[in-house]
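Residues per chain are reported as follows:
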Amino acid sequence: MSTNTTEQRRAEIAAKKARLAEIKRRNQERQQSLSIQRRSTELNEVTAPLPRSYADRRSLEDLVNVLIGDRPSSTGPGAMKSSRSNSVMSGADSNFSDSASPTIMSPGVAMTPDSTPTPNQLNLQHMSIAPLTITYDAPPSPVREVVTYSKEVQTSEAWTGPDDEEGDDGFESRSRRTDEELREQIRKEIEEELRELHADEQQQNGNSGLDSNGGFFARELTDEERAAITASEDFVDFIERSSKVVERALDMEYDVLADYGLGMNAEDEEQSGRKIKEIAQFYDERWSKKRMISDINYSPKFPELLLASYTKNPSAPHDPDGLVLVWNMHMHDRPEYVFHAQSDVLTARFSPFHPNLIVGGAYSGQVLLWDTRAKSQPVLKTPLTGSGHTHPVYSVSVIGTQNANNILSCSTDGVVCGWTVDMLAQPQELLELITPPPSKTDDLSPTCMAFPHSDPTYFLVGTEEGTIYPCHRYDRAGAKAGVEPRISYKGHAGPVMSVDFHPVRGPVDLGDLVLSSSVDWSVKLWKARPPAATTSSASGSPQIATPILEFSREDVVYDAAWSPVKPGMFGLVDGAGQLEIWDITVDTEVPVAKAQPSSRVGATHLTKGLNKLAWEEHDGKRVAVGGLDGTVTVFEVAIDPPRNEEWASVKRLVSRAELGNNSIIAAGK
Amino acid sequence: MSSLGPSLTEDELTSLLARISQKQSVQSLIILDRSSGSIIRSSGSIAANRNSESLIGEYAGMVWKFVKSAEEMVGGMDDEDDLKLLRVRTKRHELVIVPDPRFILVVFHDTPTA
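Residues numbered from 1 in each chain as written. Chains lettered and ligands numbered in written order. Predicted model: local features only at pLDDT ≥ 70, side-chain atom pairs only at ≥ 80, totals over all residues. Heavy atoms only, no water.

Caption draft 1: Main features of the overall build of chain A. A count of helices and strands for chain A gives 13 helices and 30 strands. Counting only residues that meet the buried cut, chain A has 49% of its 669 residues in that class. Excluding contacts between residues fewer than 6 apart, the proportion of contacts in chain A whose partners are at least 24 apart in sequence is 57%. Accessible area of chain A: about 32500 Å², with a carbon and sulfur share of 53%. (Helix = DSSP H or I, 4+ residues; strand = E, 2+ residues; numbered from the N terminus. Buried < 20%, exposed > 50% of the residue type's maximum accessible area, 1.4 Å probe, protein only. Contact = heavy atoms within 4.5 Å. Areas by Shrake-Rupley, 256 points an atom, 1.4 Å probe, with all protein chains shown as cover.)

Have a look at this one:
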């Protein structure tokens, strides 16, 4: 038991010593002269193999002599003595390395006459016998015995003579005690050593700092070196990342050091009276030039990101035809991401369930999927075969829940496809929409599609002829998949450009309100009948629903969308390049605000038209518009926080309008 | 289909850097090698001065030392942590420094007059 623990301790001590020796060696290598007060044995072990100044060695040897002189006086008979004295040294050495160098001893012998005290000298003569017996050079056989003994010897301070002759008990207790002292001592030494090492390093650093400017040297690189670095992937990667960071940093308009006590900017006050304020324009000479914007969508996850999809640039046949740029509000003249497509991209949106994914529809009929973690090519796309769309895809939606969602796409030949996000090789569901009787042709060409927020199995399509049809994705009781034949929403005299369900976010459910825009210069408000209601009222003759409100405009209306926060508010963009903000709780005849994007130099009125509009969904204060000139313009809309009455007021307005319409219809009959 | 490997050509790289250096407020732009501190690229008004060579070298040295000590500070607080961006505002300009394991990008630019 006790031997075990002592063995352990011994091992620990040996390890510590080894570390210490390592540190010292490094020190030596640096040729820093260390003035260390240490115990003789230690010094011997460590410094013997290495050259030292003679003065040091001398003082050392004195210490050795003193120590060695002490020892034999306390030990017993001469023969034992000599063997022990050897083992003391060799044992000490063997703690370090098995090769005990005789040089340790020889200086001791040589020094013998030098040492002054007489008893020491006498004892040293005993010592000098030891090397003659040659046990010193003897291989490890005696080492085992010796090692245990060496502890006793090493603790020379505690070694006060008479104790030596005691029994085993005394030996053990002493060895334990001295063990602890020893450890303490070694710890101290190591600490001291480390401290000195640090000091050394600091000193060295200081020195080299003086020499070489803190390690910095502005060496002129040769052209080859420079070229090699510039061509390396690391470098390209670094530039790509860091230039974005810098541009964002530079474009950040807010001055963190602004001192509002120092006087006000008059311009701001003048602007604050306006309802809409232009806050950013996105245009990239390289990518946006001569392209038209076909769609805009805000990232549902990052309110500062928005995407715009573009048609082809006819004057750049080598550039990809289709393009999706992701713009950052904090980086104005360069897109955050550039995504390519082989054909004009007609629609694109962020997946609401995965912030990295962007889904797009192309003129070629392909549905494309890009990933912001990948390069600019789409990570997935549908094949150009008959299995999916063969006509342009003007509308895509991602429908479902976080864990189960599908991409729904709709092309102008009336085909609606459902895709899984993981696999675009083949549609999961395929639906062919046919105009229900009584119409002259079967063809139905949808231009836009919208899903209600409450029901993923049913949707509305706006068509080129102007009618809006409800459709079922699946067969259900009393209704087959496809266009619902019993009801249609007729009112527009020209192609429908957009259909938008009211976002349900308030105390009153307005999710059945639908806004549609058309090239017939109008926006219409509809109340969509839930599919269940239409089935119950199925009496044979198809119903025709009429709009409950109409907003006539002075130009072709290309897009209209509900505000995500204000129940009565929506925005529209028209062919004259106007953005209008309406609030039906305020006025149903005139918009509450109007604005026009500031045009770039060289823009003609032919390129003024605006195609698309998108609200930022988080606080509904920003609206982005884009059109023929390829510029995305972001406006800030000054809105009061929505009040609860507004929801009720919209509801009242709708029911009043419905009544009015009904009475008109009744009067007409 | 363009290659999916190294995504930028030399030209595009140059134009990326040119975009930054051509911004109105930007005075100059330096790219340093992280380990040696040698200048890989530099451009802008400081570089165009008569004493440009030495001046740029001097600036580079100062920035390099600054980044180093900032790194030490960050490392000292948490060795798992890394330095990502340094913005140094002075009365006259701002330095935007993007450190990276291998390179350092430094942009000197005028601050909006406050």
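Caption draft 2: Expanded view of the overall build of chain B. Tallying secondary structure elements over chain B gives 3 helices and 5 strands in all. Taking all 114 residues of chain B together, the buried fraction comes to 42%. Taking all contacts inside chain B whose residues are at least 6 apart in sequence as the whole, residues at least 24 apart take part in 40%.

Caption draft 3: Representation of the pairing of strand β29 (residues 622–627) of chain A within the structure. Residue and element names in this part refer to chain A. Counting buried positions over the 6 residues of β29 gives 6, a clear majority of the element. Where burial is concerned, the two faces of β29 agree: the one with Arg-622, Ala-624 and Gly-626 and the one with Val-623, Val-625 and Gly-627 are both buried. In this structure, strand β28 (residues 610–615) lies alongside β29, joined through 5 bridges in antiparallel fashion. Bridge pairing in β29 places Trp-615 opposite Val-623. What sits between β28 and β29 in their antiparallel hairpin is a turn of 6 residues, with Gly-620 showing a positive phi close to 65°. Looking at chain direction, β29 and strand β30 (residues 632–637) are connected through 5 bridges and run antiparallel. Within β30, the position partnered with Gly-626 by the bridge is Val-632. The hairpin turn running from β29 into β30, its antiparallel successor, is 4 residues long, and Gly-630 in that turn takes a positive phi close to 75°. (Pairing = 2+ DSSP bridges.)

Caption draft 4: Structural context of the pattern of salt bridges. Taken as a whole and assessed by the stated rule, the structure comprises 27 salt bridges over all chains. Of the charged contacts in the structure, one is a salt bridge between A:Asp284 and B:Arg19, with a shortest N-O distance of 4.0 Å. Of this pair, A:Asp284 sits in the loop between β1 (276–282) and β2 (293–298) while B:Arg19 sits in helix α1 (residues 10–21), placing the two residues on different chains. We classify A:Asp284 as buried; its relative accessible area is 5%. (Salt bridge = Lys/Arg side-chain N within 4 Å of Asp/Glu carboxyl O.)

Caption draft 5: Fine view of the sheet that holds β2(A). Residues and elements named next belong to chain A. Here we have 4 strands laid out as an open sheet, ordered β2-β3-β4-β5, and antiparallel in their pairing. The sheet is open, and its two borders are formed by β2 and β5 (337–341), each paired with just one other strand. Each strand of the sheet is rotated relative to its neighbour by a mean of 15°, with strand direction disregarded. The pairing of β2 with strand β3 (residues 305–310) spans 5 bridges and is classified as antiparallel. Note that in β3 the partner of Ile-296 across the bridge is Ala-308. (Axes fitted to C-alpha atoms, helices over the stretch in contact; angles between N-to-C directions.)

Caption draft 6: Region of interest: the side chain of A:Gln578. Residue and element names in this part refer to chain A. Mapping Gln-578 onto the fold places it in the loop between β25 (569–574) and β26 (579–583). Here the side chain of Gln-578 touches Gln-596 through a polar contact of 3.5 Å, side chain to side chain. Contacts of Gln-578, omitting those with residues within four sequence positions, involve Leu-572, Val-573, Lys-594, Ala-595, Gln-596 and Leu-610. (Polar contact = N/O pair within 3.5 Å; in protein donor to acceptor, adjacent residues only side chain to side chain.)

Caption draft 7: Highlighting unusual backbone geometry. Residues and elements named next belong to chain A. Of note in the backbone geometry, Lys-290 takes a positive phi value of approximately 60° without being a glycine. Note on placement: Lys-290 falls in the loop between β1 and β2. The phi angle at Trp-521 is positive, at roughly 70°, despite the residue not being glycine. By the element assignment, Trp-521 lies in the loop between β20 (513–518) and β21 (522–527). Relative accessible area serves as the criterion here: at 44%, Trp-521 is assigned to the partly exposed category.

Caption draft 8: How the structure looks around the sheet that holds β29(A). Residues and elements named next belong to chain A. One open sheet accounts for 4 strands, arranged β1-β30-β29-β28; its pairing is antiparallel. Either end of the sheet is taken by a strand with one partner, and the two such strands are β1 and β28. Averaged over all pairs of adjacent strands, the angle between their axes in this sheet comes to 25°, without regard to strand direction.

Caption draft 9: Structural detail: the environment of A:Lys612. Residues and elements named next belong to chain A. The topology assignment puts Lys-612 in strand β28. Separated by 16 residues in sequence, Lys-612 and Leu-628 place their C-alpha atoms 9.9 Å apart. The residues contacting Lys-612, other than those within four sequence positions of it, are Ser-294, Asp-295, Ile-296, Asp-559, Val-573, Ala-624, Val-625 and Gly-626.

Caption draft 10: Broad picture of the packing of aromatic side chains. Counting across every chain of the model gives 12 aromatic pairs over all chains. Both rings, one in A:Phe235 and one in B:Phe103, keep their centres 5.0 Å apart while their planes meet at 80°; by these two values the pair is edge-to-face. Note that A:Phe235 is positioned in helix α10 (residues 233–251) and B:Phe103 in strand β5 (residues 103–110), a pairing that runs across two chains. Relative to A:Trp526, the ring of A:Tyr489 has its centre 5.8 Å away and its plane inclined at 80°; by these criteria the two rings are edge-to-face. Of this pair, A:Tyr489 sits in strand β18 (residues 487–489) while A:Trp526 sits in strand β21, and the two are 37 residues apart along the sequence. The class of A:Tyr489 is buried, set by a relative accessible area of 1%. Relative accessible area serves as the criterion here: at 1%, A:Trp526 is assigned to the buried category. If you follow A:Lys244 out to its NZ or CZ, it ends over the ring of A:Tyr337, 4.7 Å from the centre. Across from the ring centre of A:Trp287, 4.0 Å away, lies the NZ or CZ of A:Arg286, which sits over that ring. (Phe/Tyr/Trp six-rings, centres within 6.5 Å; stacked < 30°, edge-to-face > 60°. Lys NZ or Arg CZ within 6 Å of the ring centre and 35° of its normal.)

Caption draft 11: Up close: the side chain of A:Thr412. Along the polypeptide, A:Thr412 turns up in the loop between β11 (405–411) and β12 (415–420). In this structure A:Thr412 touches A:His391, A:Pro392, A:Tyr394, A:Leu444, A:Ser445 and A:Pro446, once residues within four positions along its chain are discounted.

Caption draft 12: Region of interest: the confidence of the model for chain A. Overall, the predicted model of chain A reaches an average pLDDT of 75, with 67% of residues at or above 70. Across residues 160–167 of chain A the pLDDT falls below 50, and counting only partners more than four positions away or on other chains, this stretch makes 8 contacts in the model. (pLDDT = per-residue confidence, 0-100.)

Caption draft 13: Structural context of the pairing of strand β4 (residues 93–99) of chain B. All names here are of chain B. By the criterion of burial, β4 is predominantly enclosed, with 6 of the 7 residues buried. With 4 bridges connecting them, strand β3 (residues 86–89) and β4 associate as antiparallel partners. Paired with Val-88 across the two strands is Leu-95, which belongs to β4. If you look at the hairpin formed by β3 and β4, you'll find 3 residues sitting between the two strands. Here 7 bridges tie β4 to β5, and the two strands are oriented antiparallel to one another. Across the sheet, Val-96 pairs through a bridge with Val-107, a residue of β5. The antiparallel hairpin formed by β4 and β5 contains 3 residues in its connecting segment.

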